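Chain and residue survey
Residues per chain, in single letters:
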Number of protein chains: 2
Amino acid sequence: MSTEPEVPANRAPTLTDVAKLAGVSVATASKAINGRDEVKAATRARVLKAAELLSFAPNALARALLGGRTGTVGLLTSDLEGRFSIPILMGAEDAFGAGEVSVFLCDARGDAIREAYHVRALLSRRVDGLIVVGSSTDPRPPLAGTIPVPVVYVYAPSADPGDISITVDNVGGGRLAVDHLLACGRREIAHVTGEPGFAAARDRAEGAAAALADAGLSMLGGKPYYGSWDETWGRAAAHIVVEQHPEVDAIFCGSDQIARGVLETLRDLGRDVPHAISVIGFDNWDAIAAHSRPRLTSIDMNLERLGAVAGRRLFEAIAGAEPPSSEQYPGRVVMRDSTAPAG
Amino acid sequence: MSTEPEVPANRAPTLTDVAKLAGVSVATASKAINGRDEVKAATRARVLKAAELLSFAPNALARALLGGRTGTVGLLTSDLEGRFSIPILMGAEDAFGAGEVSVFLCDARGDAIREAYHVRALLSRRVDGLIVVGSSTDPRPPLAGTIPVPVVYVYAPSADPGDISITVDNVGGGRLAVDHLLACGRREIAHVTGEPGFAAARDRAEGAAAALADAGLSMLGGKPYYGSWDETWGRAAAHIVVEQHPEVDAIFCGSDQIARGVLETLRDLGRDVPHAISVIGFDNWDAIAAHSRPRLTSIDMNLERLGAVAGRRLFEAIAGAEPPSSEQYPGRVVMRDSTAPAG
DNA sequence: TACCGTCCTGAAAACCTTTTCGCCGAGCGC
DNA sequence: GCGCTCGGCGAAAAGGTTTTCAGGACGGTA
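These notes cover the structure that comes with them. (Residues numbered from 1 in each chain as written. Chains lettered and ligands numbered in written order. Predicted model: local features only at pLDDT ≥ 70, side-chain atom pairs only at ≥ 80, totals over all residues. Heavy atoms only, no water.)

**Digging into the sheet that holds strand S8 (residues 250-253) of chain A**
Residues and elements named next belong to chain A. The mixed open sheet is built from six strands, whose spatial order is S7-S6-S8-S9-S10-S12. The sheet is open, and its two edges are formed by strand S7 (225-226) and strand S12 (332-334), each paired on a single side. One ladder, built from three bridges, connects strand S10 (residues 297-300) with S12; its direction is antiparallel. For serine 298, the partnering residue across the bridge sits in S12 and is valine 334. Helix-sheet contacts for helix H10 (residues 256-268) involve strand S6 (189-193), S8, strand S9 (278-282) and S10, and the interaxial angle to S9 is about 155 degrees. (Pairing = 2+ DSSP bridges. Helix = DSSP H or I, 4+ residues; strand = E, 2+ residues; numbered from the N terminus. Contact = heavy atoms within 4.5 Å. Axes fitted to C-alpha atoms, helices over the stretch in contact; angles between N-to-C directions.)

This is the structure in structure tokens:
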């Protein structure tokens, strides 16, 4: 005589078990547990107690099998390694986590074959929708084949404008950066950025140029200093800029890493940042920006929000017939100590 | 008259559709598709063609419903934000990605309530197993409640020694670092590290002390310089160490960020790294280690492998009856330019 | 007392696949 | 020509839940 209730060993308790224990039919048990109102309060209580006793958890598979909805979505990333995917992924996970939706994570490693494979697996699991997270802001080819569920592209837009893409406004970000420098009274502004093959570099430069043009100014040297995204280039570029344009009083950097390198060189050269020269970075990567000397002002693209928005849009697309359209989100300036009015 | 085959609109094709199109029974269709050998080659070909035509994908839910196995696992992280979860997650995802297993990603944000909620959801989805990724190397409480599937803890071990935990060998990591410095001929070695509240800090210090003791030496100052994990502390600590122990010829840092700060101060003080003083970091965080001046030698804990191992162990636990035991993995020295023989 | 309406409850179908088992026809040996 | 074997195929059940619909109990009214 065991103290355990009659749970058939070695098997998760089913609704039938609960119904039996409560002395009702499975139909009634189902209604009681799902809060349907066609069941007497006393009966419901009895069923709930039985469920509790058996620590019954409804089999989501069986439920999904007839409902049509599985309550799952696929999250397809190109590379988990990239710093940018992670906050987006967090935001999306968060947007769903609150509800009844679980997230399948798939990393395609930038490989189209692998991606197709994952998509097939996800569809066979009958996900209700897909989120595709890119690794750069360059447009990417849409998912291959016909996908019978809604798809939302994040960060990297789909090359097909008919798809739903949620992206950051890099042009606006470039504008923000330069406007901030202008607000600090800066006029001789250089732009040091990464590889021109990246849309992110070109877009930010475009925004910067536009903001300068609006102020009747132009970029120091007439165009951006393109290079790579890392500190080493930042250090080299700063030397070049200072040599070519000793009058420089601000540098807008295409990434925090570049900015960090710029800061180091300016420090080596004995230039006073932020007063003689102000420096602003991009990405607001805390580990880099918050510990430089001086601490780095930067543009934050709010990627977590981007992911959350994508999650919500996908949810809407799944629920309603009205497909949401593409959206672009602005960033914001995060003030630290590397920018200030001239002094 | 449509060019499309007779697919009942608005519904994913089922095995019944395929069977009908191929002119066989569902049973035969199932066998043909699953490669069972009780079906004539010609029949199989006919079925496969029909499946292709309808782009049929078997409903994994229905399959799981009777098979008992869902081919899904839950990956429960404490914080996606942390740098350490990501490589582990990549490794685990990779270990499964090759097979037929899909991964549910859940971020508990360090909240026990949220964690319990996610576990409930995962169990109702009938995952075959769980991987729990911690955010620090300190032991964590095991999952609440009784979990009817195998669980593997990674990075942060479960506080219950009966659970399966896959962890990094921080003591060994501390040994590795000091042994490397000793091999460079260093004798006056200081240890600057993070908060003593972290097992990671204490374990690495313990390994360092042991390696020194084995060489008949002891730590400069007799004990580690505990502080925080960031650059700011590294900069401050380097000043302290050099002042208190001008004879210092090597500094073992508990993180790459600390090491970076140390490097900056030594540079400011005009000390020659690596020849006068060698510096070694910990974590091998590329963005930090590969772009410092000089580039930083560091201990890599190979977290991706850790995740992959966890995935494999979970897989074994799901498949076989023999539960694997806990394991600890050593790191390795990644040589760059901040360590060298005295010269 | 007979009848009607209102609540509850339960039986059964549906969702899609896999697997077991029985059946049928063909081929072969005697 | 007859009986046996074997290969190939199909019918049916199972897996757990939701939902629909029919039916039963009971209270109230004529």
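**What to know about the packing of aromatic side chains**
One pass over the structure, following the stated rule, counts eight aromatic pairs over all chains. Where A:Trp285 meets B:Trp285, the ring centres are 6.1 Å apart and the plane angle is 65 degrees; that geometry is what we call edge-to-face. With A:Trp285 in the loop between S9 and helix H11 (286-289) and B:Trp285 in the loop between strand S9 (278-282) and helix H11 (286-289), this residue pair bridges two chains. For the pair B:Phe198 and B:Trp229, a centre-to-centre distance of 5.7 Å together with 90 degrees between the ring planes defines the contact as edge-to-face. Taken together, the positions of B:Phe198 in the loop between strand S6 (189-193) and helix H8 (199-214) and B:Trp229 in the loop between strand S7 (225-226) and helix H9 (231-244) put the pair 31 residues apart, joining distant regions of the chain. Looking at A:Arg83, its charged tip hangs above the ring of A:Trp285, at a distance of 3.5 Å from the centre. (Phe/Tyr/Trp six-rings, centres within 6.5 Å; stacked < 30°, edge-to-face > 60°. Lys NZ or Arg CZ within 6 Å of the ring centre and 35° of its normal.)

**A short note on the nonpolar core**
One finds A:Ile131, A:Leu306, B:Ile131 and B:Leu306 to be the most contacted residues of the largest nonpolar core, which totals 84 residues. If we ignore the near neighbours within four places in the chain, the residues touching B:Ile131 are B:Gly74, B:Leu75, B:Leu76, B:Ala92, B:Phe96, B:Val152, B:Val154, B:Ala310, B:Gly311 and B:Leu314. Ranked by size, the runner-up nonpolar core spans 26 residues in total, among them A:Leu76, A:Leu122, A:Val151 and B:Leu143. (Core = buried A, V, L, I, M, F, W, Y, C linked by side-chain atoms within 4.5 Å. Buried < 20%, exposed > 50% of the residue type's maximum accessible area, 1.4 Å probe, protein only.)

**A look at unusual backbone geometry**
A cis amide bond links A:Val273 to the next residue, A:Pro274, at an omega of 15 degrees. Along the chain, B:Arg293 connects to B:Pro294 via a cis peptide bond; the corresponding omega equals -10 degrees. Topologically, B:Pro294 is positioned in the loop between H11 and strand S10 (297-300). The backbone of A:Asp283 sits at a positive phi, close to 115 degrees, despite the residue not being glycine. One can find A:Asp283 in the loop between S9 and H11.

**Notes on the protein's contact with DNA strand C**
As a matter of local geometry, DNA strand C sits amid 24 residues, with A:Ser25, A:Lys31, A:Thr43, B:Leu15 and B:Arg63 nearest to it. Put simply, 69% of the atoms of DNA strand C that lie within 4 Å of the protein are in sugar or phosphate. In this structure, A:Thr43 approaches DNA strand C through a side-chain N or O atom, which is 2.5 Å from a phosphate oxygen. Between a phosphate oxygen of DNA strand C and a side-chain N or O atom of B:Arg63, the distance comes to 2.8 Å. Where the surface near DNA strand C is concerned, the elements lending two or more residues are helix H2 (26-33) and helix H4 (60-67) of chain A together with helix H2 (26-33) and helix H4 (60-67) of chain B. Among the residues making up the surface near DNA strand C, the classes are represented as eleven nonpolar, seven polar and six charged. (Near = heavy atom within 4 Å. Polar contact = N/O pair within 3.5 Å; in protein donor to acceptor, adjacent residues only side chain to side chain. Nonpolar A, V, L, I, M, F, W, Y, C, P; charged D, E, K, R; others polar.)

**A closer look at the interface of chain B and chain A**
Chain B puts 54 residues into the contact, and the matching count from chain A is 54 residues. Regarding the contact of chain B and chain A, the summed buried area is about 4,700 Å², with carbon and sulfur atoms giving 49% of it. Remark: the boundary between chain B and chain A carries 16 salt bridges. For B:Asp94, the salt bridge identified is with A:Arg109, shortest N-O distance 3.4 Å. (Buried area = accessible area lost by both parts, 1.4 Å probe. Salt bridge = Lys/Arg side-chain N within 4 Å of Asp/Glu carboxyl O.)

**Structural notes on the relation of the copies chain B and chain A**
Once chain B has been moved 0.0 Å along the axis and rotated by 180 degrees, it coincides with chain A to within an RMSD of 0.1 Å. The superposition operator between the copies reduces to a two-fold rotation axis. Of every C-alpha in chain B, the one belonging to B:Phe104 sits nearest the axis of rotation, 2.2 Å from it. A high fraction, 100%, of the interface residues of chain B reappear at the interface in chain A, so the copies pair face to face through one surface. (Least-squares fit on C-alpha atoms with pLDDT ≥ 70 in both.)

**Observations concerning the sheet that holds strand S11 (residues 327-329) of chain B**
Here twelve strands make up an open sheet; going across it, the order is S11(A)-S5(A)-S4(A)-S3(A)-S1(A)-S2(A)-S2(B)-S1(B)-S3(B)-S4(B)-S5(B)-S11(B) and the pairing mixed. Looking along the sheet, the strands with just one partner apiece sit at the ends: strand S11 (327-329) of chain A together with S11 of chain B. Strand-to-strand twist across the sheet, computed as the mean angle between neighbouring axes with direction ignored, equals 20 degrees. Bridge count for strand S1 (residues 72-77) of chain A against strand S3 (residues 129-133) of chain A is five bridges, and the pairing is parallel. Along S3(A), the bridge assignment pairs A:Val73 with A:Gly129.

**Structural notes on the state of the cysteines**
All names here are of chain A. Applying the stated criterion across every chain, the model contains zero disulfides over all chains. Cysteine cysteine 184 shares no disulfide, and the gap to the nearest cysteine sulfur, in cysteine 253, comes to 14 Å. For cysteine 184, a relative accessible area of 9% gives the class buried. For cysteine 253, a relative accessible area of 0% gives the class buried. (Disulfide = S-S within 2.5 Å.)

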